[in-house]
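One-letter residues, chain by chain:
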Amino acid sequence: MATHDIRVTVNGTPYDTQVESRLLLVHLLRDQLRLTGTHIGCDTTHCGACTVLLDGQPVKSCTVLAVQADGRQVSTVEGLEKDGKLHPIQEGFWEKHGLQCGYCTPGMIMTAVDMVNRKGHELDDPTIRHELEGNLCRCTGYHNIVKAIAAGAKAMKGHVQQQT
């Protein structure tokens, strides 16, 4: 199997590593870098549990090859917390009970961070629900997830933007 030397920056930390041609980004994150916040839900891009930001854009890491991340910036849910303080979107999920089992939560949070960065801080329920297409939760009716994202979006107004 062919291998490639890559350099990828994850949550601000550069990593030099060797990967097989077929290794998926989600497996690089979880298995080699031990960043297990990114979850594997379906391997077919349907659930969104593996969503990360690649150069600031949301991608489903179960369908991105690790070699495609060479020279790029990856942001995962682990990179949102700073100095022991949760990111406003994470706080929103905590305060508004935006999770049940929590399996989809990292992907929902990363999608929400991107959503706020693109759409602004005043998000209505229909916008949030539309933007969450491609992120599935099998436990909730999405009501508290929507409330959590709306609260987190408002709280992000004064928040210093994360480096992605």
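Structure shown above.
So, here is what we can say about the structure in this document.

Reading guide: rules and limits
In this numbering scheme, every chain counts its residues from 1 along its sequence in written order. Residue-level local features of this predicted model are given only where pLDDT is at least 70; pairs of side-chain atoms are given and counted only at 80 or more, and the full residue set underlies all totals for whole chains, interfaces and linings. As a rule here, side-chain values come from all non-hydrogen atoms in the structure, and water together with hydrogens is ignored. Runs of E in the DSSP output that reach at least two residues are strands. Runs of H or I that reach at least four are helices, and both are numbered from the N terminus. Burial status follows relative accessibility: with a 1.4 Å probe on protein chains alone, a residue under 20% of its type maximum counts as buried, one over 50% as exposed, and anything between as partly exposed. By the convention used here, residues are in contact when the closest approach between their heavy atoms is within 4.5 Å. Among buried residues, those of type Ala, Val, Leu, Ile, Met, Phe, Trp, Tyr and Cys that are joined through side-chain atoms within 4.5 Å constitute a nonpolar core. Think of it this way: DSSP has to see at least two bridges between two strands before they count as a pair. Axis definition: a line fitted to C-alpha atoms, limited for helices to the stretch in contact. Angles are taken between N-to-C directions and run from 0 to 180 degrees. The cut-offs work like this: below 35 degrees is roughly parallel, past 145 is roughly antiparallel, 65 to 115 is roughly perpendicular, and the gaps in between are oblique. Here is the rule for handedness: rotate from the far helix to the near one, and if that takes an anticlockwise turn smaller than a right angle the crossing is left-handed, while a clockwise turn gives right-handed. Gly falls in the polar group here, along with every residue not listed as nonpolar (Ala, Val, Leu, Ile, Met, Phe, Trp, Tyr, Cys, Pro) or charged (Asp, Glu, Lys, Arg).

Looking at the side chain of Glu-131
(1) Moving on: Here Glu-131 is to be found in helix H4 (residues 125-131).
(2) Moving on: Classification of Glu-131 as buried rests on a relative accessible area of 17%.
(3) Moving on: Not counting residues within four places of it along the chain, the set of residues in contact with Glu-131 comprises Thr-111, Met-115, Arg-118 and Lys-119.

Some details on the nonpolar core
(1) Moving on: Counting residues in each nonpolar core, the largest one holds 24 residues, and the members touching the most others are Ile-89, Phe-93, Ile-128 and Ile-149.
(2) Moving on: Of all the secondary-structure elements, those providing two or more residues to this core are helix H2 (88-95), helix H3 (105-119) and helix H5 (143-155).
(3) Moving on: With seven residues, the top contributor of residues to this core is H3.
(4) Moving on: What Ile-149 contacts, discounting residues up to four positions off in sequence, is Ile-89, Phe-93, Ala-112, Met-115, Leu-123, Ile-128 and Leu-132.
(5) Moving on: Membership of the second largest hydrophobic core comes to 17 residues, among which are Ile-6, Leu-28, Leu-29 and Val-74.

A look at the sheet that holds strand S5 (residues 73-75)
(1) Moving on: Strand order in this open sheet of five strands is S2-S1-S5-S3-S4, and the pairing throughout is mixed. Each edge of the open sheet is held by one strand with a lone partner, namely strand S2 (13-20) and strand S4 (57-60). Direction aside, the axes of adjacent strands within the sheet are offset by 40 degrees on average.
(2) Moving on: Relative to S2, strand S1 (residues 3-10) runs antiparallel, the two sharing eight bridges.

Brief notes about the packing of H2 against H3
Any two packed helices are characterised by how steeply their axes cross, that is the angle between the axes, and by the distance between the axes.
(1) Moving on: Look at H2 against H3: their axes get within 9 Å of each other, and the N-to-C directions meet at 125 degrees. One finds that H2 runs oblique with respect to H3. Handedness of the H2/H3 crossing: right-handed. For the pair H2 and H3, contact is made by Ile-89, Gln-90 and Phe-93 and by Thr-105, Met-108, Ile-109, Ala-112, Val-113 and Val-116, respectively.
(2) Moving on: Its residues assigned to classes, the contact of H2 with H3 comprises seven nonpolar, two polar and no charged.

Let's talk about the packing of H2 against H5
(1) Moving on: Two numbers describe how H2 lies on H5: the axes approach to 7 Å, and their chain directions differ by 140 degrees. By the criterion of interaxial angle, the relationship of H2 to H5 is oblique. At the point where H2 passes H5, the crossing takes the right-handed sense. Contacts from Pro-88, Ile-89, Gly-92 and Phe-93 of H2 reach H5 at Ile-145, Ala-148, Ile-149, Gly-152, Ala-153 and Ala-155.
(2) Moving on: Broken down by class, the residue content of the contact of H2 with H5 amounts to eight nonpolar, two polar and no charged.

Focus: H2
An α-helix turns once per 3.6 residues; consequently, residues spaced three or four apart project the same way.
(1) Moving on: Among all positions in H2, only Pro-88, Ile-89, Gln-90, Gly-92 and Phe-93 are buried.
(2) Moving on: In this structure, the buried residues of H2 make contact with H3 and H5.

Honestly, that's just the spatial picture; any functional story needs more than this.
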